[in-house]
Amino acid sequence: ERSASRQAKKKVVAVVGGGLVGALNACFFANRGFDVELYESREDIRRAKVVKGRSINLALSHRGRQALKHVGLEEKIVSQGIQMQARMIHSLNGKQSPIPYGKKGQYILSVDRANLNKELLTAAESYPNTKMNFDHKLQDWNAETGLMTFVRSDGSKEQAKADLIVGCDGAFSAIRKQFLRRSRFDYSQTYIPHGYMELTMPPINGEFAMKPNYLHIWPRNTFMMIALPNLDKTFTCTLFMPFEEFEKITTGDEVIEFFQKYFPDTIPLIGVNTLQRDYFRLPAQAMVSVKCNPYHIGDVCVLMGDAAHAVVPFYGQGMNAGFEDCIVFDEIMDQFNEDFSAVLPEYTRVRVPDDHAIADLAMYNYIEMRAHVNSKWFIFRKRVDNILHFLMPKTIIPLYTMVTFTRTRYHEAVKQWHWQNKVINRGLLLSAVGAVLGGSYLLIKHPPDLSKLIVSAEEMWDRLVALRTP
Ligand SMILES: Cc1cc2nc3c(=O)[nH]c(=O)nc-3n(C[C@H](O)[C@H](O)[C@H](O)COP(=O)(O)OP(=O)(O)OC[C@H]3O[C@@H](n4cnc5c(N)ncnc54)[C@H](O)[C@@H]3O)c2cc1C
Ligand SMILES: Cc1cnn(-c2ccc(OCc3ccccc3)c(C(=O)O)c2)c1-c1ccc(Cl)c(F)c1
């Protein structure tokens, strides 16, 4: 009877959304001994027949790896990823310039999205206290009672209750809908004018078409393209371009014309037919940035991952930020002894500033890259970053390094970056003033003999004229 009462005390946590963050979160809560009910609208992607489509990949970096480490999955996922040890910047003339991230051993990983999701679902399912409910699309839920209504693909409905509902149902979250009906809930969403399209770069003679251990980037201001390697020796290229530009390209010839103009080196690597086939396979997809606050309702519901903060993909941090949400929540559960009425408000207080900061940083990167960044500028900026970091490793840490290779809180990385910019600008100003003062001192101290100067200038002019006269 004691065990029954203990059994009765076990709380039920409903994780809505079995994507990357939901599946990982199920592991975190199952690890704590909760009864976890995972609800996912899609069928079990592990059972779906292997459709040899395009493999979509993502950049996994430190924050995401730390979350995987918490549930013992880091080694497994890292072993199935491909290291990208530097950026490879492709110039218009075909020149490739590798730029290290900074220190040796600092690399990001290209991981396959579907494979990662499957591994996380399998890990969640391995806990005896976790139940997987596929083909369960949340339709509505009640913030007072915690009662959820799910609809199945056969049209039938099911209801379920939980002590805690964790909304991990992505950028267009159904869980978040209830939040929107409540007062003092801040919400903003921004669609950017760019869309994205994924293209596959096949192997050439069974080998990678380009060097595999790099994040390949073609920065062309308005147009940008990146390529991440896959285990099957293909690259998944993502083309970012304004929708109005996508709409101008309507024929196979126009695709080649466009790539000839902006990404000429990729045509022989992707192949004309593959390029024309892939380009028209799917329309360009939209990118949305979502910010909201608070992330919780009472002690009943909390949002995590894209449901809480969808970010534009120009920092490669969306999944990493969502994975870090899981660690932060878990740490607060320890601090407040799993008391949801204290944990949820604290999670909002701690996490909102950081997720808003990465949303802003990703948008800043998008605007900066769209406006200024071609290959020369990209190379210049990153080389300056690396030199300053080398000269003053404790004072100047590139923003990308803080975001990608540390768990510095996102909003603190932004503060540090602003402070560093001030120091650098002040340093530049001082050295400019010093040069002017020093120069003028020398001119006053040792005035040049102007007559000699004029003679030598006249002599130079005569020589130039002589050169030009046949
Ligand atoms: C082009 C592009 C490139 C990106 N590149 C990177 C990158 O390099 N690195 C990185 O870290 N991030 C990247 N991201 C971001 C990353 O994809 C997302 O941050 C991540 O997928 C968020 O995971 P999530 O689980 O919160 O949401 P999702 O992955 O969207 O999962 C949500 C899940 O909820 C389910 N669901 C939805 N509605 C319901 C419902 N009503 N009931 C039940 N289930 C529901 C969905 O079926 C899905 O399985 C990129 C995003 C894009 C668009
Ligand atoms: C998937 C992924 C992982 N990281 N990054 C990333 C993003 C931005 C970066 O710098 C911005 C900058 C360069 C030069 C000047 C200002 C800002 C760097 C970098 O520093 O290498 C790396 C991406 C990515 C995603 C989309 C596009 Cl379009 C892209 F190019 C890269």
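Residues numbered from 1 in each chain as written. Chains lettered and ligands numbered in written order. Predicted model: local features only at pLDDT ≥ 70, side-chain atom pairs only at ≥ 80, totals over all residues. Heavy atoms only, no water.

A short note on unusual backbone geometry
Working note: non-glycine residues mostly have negative phi, and peptide bonds are mostly trans.
Moving on, step 1. Here N293 and P294 are connected by a cis peptide whose omega angle stands at 5 degrees.
Moving on, step 2. Here K233, not a glycine, exhibits a phi torsion of approximately 70 degrees, which is positive.
Moving on, step 3. Along the chain, the position of K233 falls in the loop between β15 (223–229) and β16 (235–242).
Moving on, step 4. Phi is positive for E338, which is not a glycine, with a value near 60 degrees.
Moving on, step 5. Structurally, E338 is set in the loop between α11 (318–335) and α12 (340–372). (Helix = DSSP H or I, 4+ residues; strand = E, 2+ residues; numbered from the N terminus.)

Description of helix α5 (residues 113–125)
Moving on, step 1. Taking 1.5 Å as the rise per residue, α5 with 13 residues should run 18 Å; its terminal C-alpha atoms sit 18 Å apart, in good agreement.
Moving on, step 2. Three or more residues of α5 are buried, namely L116, N117, E119, L120, L121, A123 and A124.
Moving on, step 3. Here α5 starts with a cap whose side-chain oxygen sits 3.2 Å from the backbone nitrogen of A114, and that cap is D112. (Expected span 1.5 Å × (residues − 1). Buried < 20%, exposed > 50% of the residue type's maximum accessible area, 1.4 Å probe, protein only. Polar contact = N/O pair within 3.5 Å; in protein donor to acceptor, adjacent residues only side chain to side chain.)

Some details on the site of ligand 2
Moving on, step 1. What surrounds ligand 2 is a group of 19 residues, the closest being R87, P313, M369, K382 and Y400.
Moving on, step 2. Within the side chain of R87, a nitrogen or oxygen atom sits 2.5 Å from an oxygen atom of ligand 2.
Moving on, step 3. K382 is positioned such that a nitrogen or oxygen atom in its side chain is 2.8 Å from an oxygen atom of ligand 2.
Moving on, step 4. For ligand 2, whose accessible area on its own is 650 Å², the fraction buried by protein is 97%.
Moving on, step 5. The residue makeup of the shell around ligand 2, split by class, is 13 nonpolar, two polar and four charged. (Near = heavy atom within 4 Å. Areas by Shrake-Rupley, 256 points an atom, 1.4 Å probe, with all protein chains shown as cover. Nonpolar A, V, L, I, M, F, W, Y, C, P; charged D, E, K, R; others polar.)

Details of the nonpolar core
Moving on, step 1. Counting residues in hydrophobic clusters, the biggest one holds 76 residues, and the most contacted among them are F29, W141, M148, F323 and F329.
Moving on, step 2. Per element, the largest residue contribution to this core is nine residues, and it comes from helix α2 (residues 20–31).
Moving on, step 3. Setting aside residues up to four positions removed in sequence, F29 forms contacts with V13, V15, F34, V36, L164, V166, F329 and M333.
Moving on, step 4. Of all hydrophobic cores here, the second largest spans 38 residues; its members include I192, F240, A357 and V403. (Core = buried A, V, L, I, M, F, W, Y, C linked by side-chain atoms within 4.5 Å. Contact = heavy atoms within 4.5 Å.)

Describing the pattern of salt bridges
Moving on, step 1. Going through the model one piece at a time under the given rule, you end up with 27 salt bridges.
Moving on, step 2. Of the charged contacts in the structure, one is a salt bridge between D44 and R47, with a shortest N-O distance of 3.6 Å.
Moving on, step 3. The exposure class assigned to R47 is exposed, which follows from its relative accessible area of 60%.
Moving on, step 4. Residue R63 pairs with E324 through a salt bridge whose shortest N-O separation is 3.1 Å. Of the two residues, R63 is situated in helix α3 (residues 62–70) and E324 in helix α11; the sequence distance between them amounts to 261 residues.
Moving on, step 5. Taking the relative accessible area as the measure of exposure, R63 reaches 0% and is therefore buried.
Moving on, step 6. One salt-bridge network, in which partners are shared between bridges, spans R63, E324, D325, E331, R351, D355 and R407. (Salt bridge = Lys/Arg side-chain N within 4 Å of Asp/Glu carboxyl O.)

What to know about the packing of α2 against α3
Moving on, step 1. It is at 10 Å that the axes of α2 and α3 come closest, and there the two elements cross at 40 degrees. Between α2 and α3, the interaxial angle falls into the category oblique. Of the two possible hands of crossing, α2 and α3 adopt the one that is left-handed. Seen from α2, the contacting residues are L24, F28 and N31; seen from α3, they are A67, L68 and H70.
Moving on, step 2. Tallied by class, the residues present in the contact of α2 with α3 amount to four nonpolar, two polar and no charged. (Axes fitted to C-alpha atoms, helices over the stretch in contact; angles between N-to-C directions. Parallel < 35°, antiparallel > 145°, perpendicular 65-115°, else oblique. Left-handed = near helix turned anticlockwise from the far one by under 90°.)

Quick word on a nonpolar patch on the surface
Moving on, step 1. Together, I387, F390, L391 and M392 make up a nonpolar patch on the protein surface, roughly 450 Å² of accessible area in all.
Moving on, step 2. Examined against the element boundaries, F390 turns out to sit in helix α13 (residues 375–391). (Patch = residues over 30% accessible without salt bridge, like charges linked within 9 Å, V, L, I, M, F, W, Y side chains within 5 Å.)

Quick word on the confidence of the model for the protein
Moving on, step 1. Put simply, the protein has an average pLDDT of 94, and 97% of its residues get 70 or more.
Moving on, step 2. For this predicted complex, the interface confidence reaches an ipTM of 0.99, while the overall pTM sits at 0.92. (pLDDT = per-residue confidence, 0-100.)

With respect to the layout of surface pockets
Moving on, step 1. In this structure, the second largest pocket spans a volume of roughly 230 Å³.
Moving on, step 2. Around the second largest pocket sit 15 residues that line it, and S41, K137, L138, D169 and A174 are the ones nearest its centre.
Moving on, step 3. Among the residues forming the lining of the second largest pocket, the class breakdown is six nonpolar, five polar and four charged. (1 Å grid on protein atoms, 1.4 Å probe; cavity = no way out; pocket = protein on both sides within 12 Å on 5 of 7 lines; lining within 4 Å. Points joined across faces, edges and corners; volume = space filled by probe spheres on them.)

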